[in-house]
Amino acid sequence: MTEPVPAEGEASPADPHLAPEPAPTGAEGIAQLAAAARRVVDTVVHADPPADAALLAAKLHAIADEIAGSGRISPPRWDNPEHNRDHNPVTGAANPLAPPLTVSADGTGGVVGTATLGFPYQGPPGHVHGGISALLLDHVLGIANAAAGHRAMTAWLRVSYHRPLPLLTECTVRGKRVSSEGRKIRATGTISTGHGTHVSAEGLFVAVRPDLA
Ligand SMILES: CCCCCCCCCC(=O)SCCNC(=O)CCNC(=O)[C@H](O)C(C)(C)COP(=O)(O)OP(=O)(O)OC[C@H]1O[C@@H](n2cnc3c(N)ncnc32)[C@H](O)[C@@H]1OP(=O)(O)O
């Protein structure tokens, strides 16, 4: 069947270029750039080397130069929640390294997040690198502590790998503060899929000194 032809000067609703989204600003714009950069990384990691790789690399450098031309954000500060939230490598919408994991309260005093990890996070073939699992748990336990009112640094984290965590499979990351004693906070967490628990962790965190927080 032939598509109806729009009258002269009339935008065709089928053509996305004729009805562009309003230009994003601020955090939304950075999140959009980060999502595009994430896609570039994911594509590059499992691409066959293209014949024109040098040309494509030059184009990517030109794009990076153009983005850098708009300047840089101010240095990170402990008391800047926007930086902490948007730029971290786990949940940060502004960080192309972040899957990103989306985290919210789990209704029982802990926090829960989901993510589907692709090839940039691969360790054993077809499975997530153990260091990435530790990263996710470290951060989610930190968020669980923050949600319970404690901004704290990891003193130690003990991670147990029960079974390999598959790539390209939605996983659920949970964290919960279990106790506090002075500035010392203990928290635990898991990474699971429909097949059960793959990774678990427990950690000791120490509340950030008041002169830093
Ligand atoms: C919305 C926000 C969400 C944020 C989520 C972010 C999560 C990010 C998690 C991270 O990745 S944090 C980065 C990785 N961790 C670090 O870089 C920490 C490096 N270490 C330090 O900065 C300090 O060693 C530390 C803050 C952990 C403790 O130094 P302090 O000078 O503040 O504390 P102090 O040494 O006085 O110790 C306080 C208590 O903790 C105990 N402690 C400290 N480190 C310990 C350790 N490693 N093992 C066992 N206990 C430890 C210490 O014995 C003592 O116990 P008591 O009160 O019973 O005497």
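Nothing here was measured: the structure is a model prediction, and the numbers come from that model.

Procedures and definitions
Residues numbered from 1 in each chain as written. Predicted model: local features only at pLDDT ≥ 70, side-chain atom pairs only at ≥ 80, totals over all residues. Heavy atoms only, no water. Helix = DSSP H or I, 4+ residues; strand = E, 2+ residues; numbered from the N terminus. Buried < 20%, exposed > 50% of the residue type's maximum accessible area, 1.4 Å probe, protein only. Contact = heavy atoms within 4.5 Å. Areas by Shrake-Rupley, 256 points an atom, 1.4 Å probe, with all protein chains shown as cover. Near = heavy atom within 4 Å. Polar contact = N/O pair within 3.5 Å; in protein donor to acceptor, adjacent residues only side chain to side chain. Nonpolar A, V, L, I, M, F, W, Y, C, P; charged D, E, K, R; others polar. Patch = residues over 30% accessible without salt bridge, like charges linked within 9 Å, V, L, I, M, F, W, Y side chains within 5 Å. Salt bridge = Lys/Arg side-chain N within 4 Å of Asp/Glu carboxyl O. Expected span 1.5 Å × (residues − 1). Core = buried A, V, L, I, M, F, W, Y, C linked by side-chain atoms within 4.5 Å. Pairing = 2+ DSSP bridges. Axes fitted to C-alpha atoms, helices over the stretch in contact; angles between N-to-C directions.

Participant: Where do I start with the overall build of the protein chain in this structure?
Facilitator: A count of helices and strands for the protein chain gives four helices and six strands. Shown N-terminal to C-terminal, the secondary structure of the protein chain runs as helices and strands in the order α-α-α-β-β-α-β-β-β-β. Relative to its 213 residues, the protein chain shows a buried fraction of 26%. Considering only contacts in the protein chain between residues 6 or more positions apart, those separated by 24 or more positions represent 60%. Here the protein chain has roughly 13,700 Å² of accessible surface; of this, 59% comes from carbon and sulfur atoms.

Participant: Whenever I open this one, the site of the ligand confuses me. Can you help?
Facilitator: Lining the immediate surroundings of the ligand are 13 residues, of which Asp-138, Thr-154, Arg-183, Lys-184 and Leu-204 lie closest. Side-chain polar atom of Arg-183 to an oxygen atom of the ligand: 2.5 Å apart, as the coordinates give it. Out of a free accessible area of 1,200 Å², the ligand has 46% covered by protein chains. Those elements that place two or more of their residues in the shell around the ligand are helix H4 (130-147), strand S3 (152-161) and strand S6 (196-207). Looking at the shell around the ligand, its residues break down into six nonpolar, three polar and four charged.

Participant: It is not clear to me how the side chain of Asn-145 should be interpreted in this structure. Could you clarify?
Facilitator: Positionally, Asn-145 belongs in helix H4. Beyond its immediate sequence surroundings of up to four residues, Asn-145 is in contact with His-150, Arg-177, Ile-185, Ala-187 and Phe-205.

Participant: Teacher, can you tell me more about a nonpolar patch on the surface here?
Facilitator: Together, Ile-30, Leu-33, Val-40, Val-44, Leu-60, Ile-63 and Ile-67 make up an exposed nonpolar region whose accessible area comes to about 560 Å². Those elements that place two or more of their residues in the nonpolar patch are helix H1 (26-45) and helix H2 (53-68). For the nonpolar patch, the element with the most residues is H1, which contributes four residues. Considering the arrangement of structural elements, one finds Ile-63 in helix H2. With relative accessibility at 45%, the residue Ile-63 sits in the partly exposed group.

Participant: Please clarify how H4 should be interpreted in this entry.
Facilitator: Spacing of three or four residues puts side chains on the same side of an α-helix, whose turn is 3.6 residues. Under the 1.5 Å per step criterion, the end-to-end length of H4 is 26 Å for 18 residues, consistent within 8% with the ideal 26 Å. For H4, the set of buried residues is Ile-132, Ser-133, Ala-134, Leu-136, Leu-137, Val-140, Leu-141, Ala-144 and Asn-145. In this fold, the buried residues of H4 make contact with strand S1 (102-105), strand S2 (111-116), S3, strand S4 (170-181), strand S5 (184-193) and S6. Positioned one or two residues after H4, Gly-149 has a phi angle of 95°, which is positive.

Participant: When you look at the nonpolar core in this model, what are you seeing that I'm missing?
Facilitator: Nonpolar side chains in soluble globular proteins generally cluster together in the buried interior. If you look at the biggest cluster of nonpolar residues, it comprises 24 residues, and the most contacted ones within it are Leu-117, Leu-136, Leu-137, Val-173 and Ile-191. Broken down by secondary-structure element, the contributors of at least two residues to this core are S2, H4, S4, S5 and S6. No other element matches the six residues that H4 contributes to this core. Apart from residues lying up to four places away in sequence, Ile-191 is in contact with Ser-133, Leu-136, Leu-137, Leu-165, Cys-171, Thr-172, Val-173, Gly-196, Thr-197, His-198 and Val-199.

Participant: What should I look at first to understand the sheet that holds S2 in this one?
Facilitator: Strand pairing in a sheet takes place through backbone hydrogen bonds and is either antiparallel or parallel in direction. Read across the sheet, six strands follow the order S1-S2-S4-S5-S6-S3 without closing on themselves; strand pairing throughout is antiparallel. The open sheet terminates on both sides in strands that have one partner only, identified here as S1 and S3. This sheet shows a mean twist of 20° between the axes of neighbouring strands, independent of strand direction. Packing of H4 onto the sheet brings it into contact with S1, S2, S3, S4, S5 and S6, and relative to S4 it is tilted by some 50°.

Participant: Help me understand the environment of Arg-163, please; the structure alone is not making it clear to me.
Facilitator: Summarising the element assignment, Arg-163 is placed in the loop between S3 and S4. The exposure class of Arg-163 is partly exposed, given its relative accessible area of 39%. Between the C-alpha atom of Arg-163 and that of Val-199, which follows or precedes it by 36 residues, the distance is 7.1 Å. Setting aside residues no more than four positions away along its own chain, Arg-163 makes contact with His-195, Gly-196, Thr-197 and His-198.

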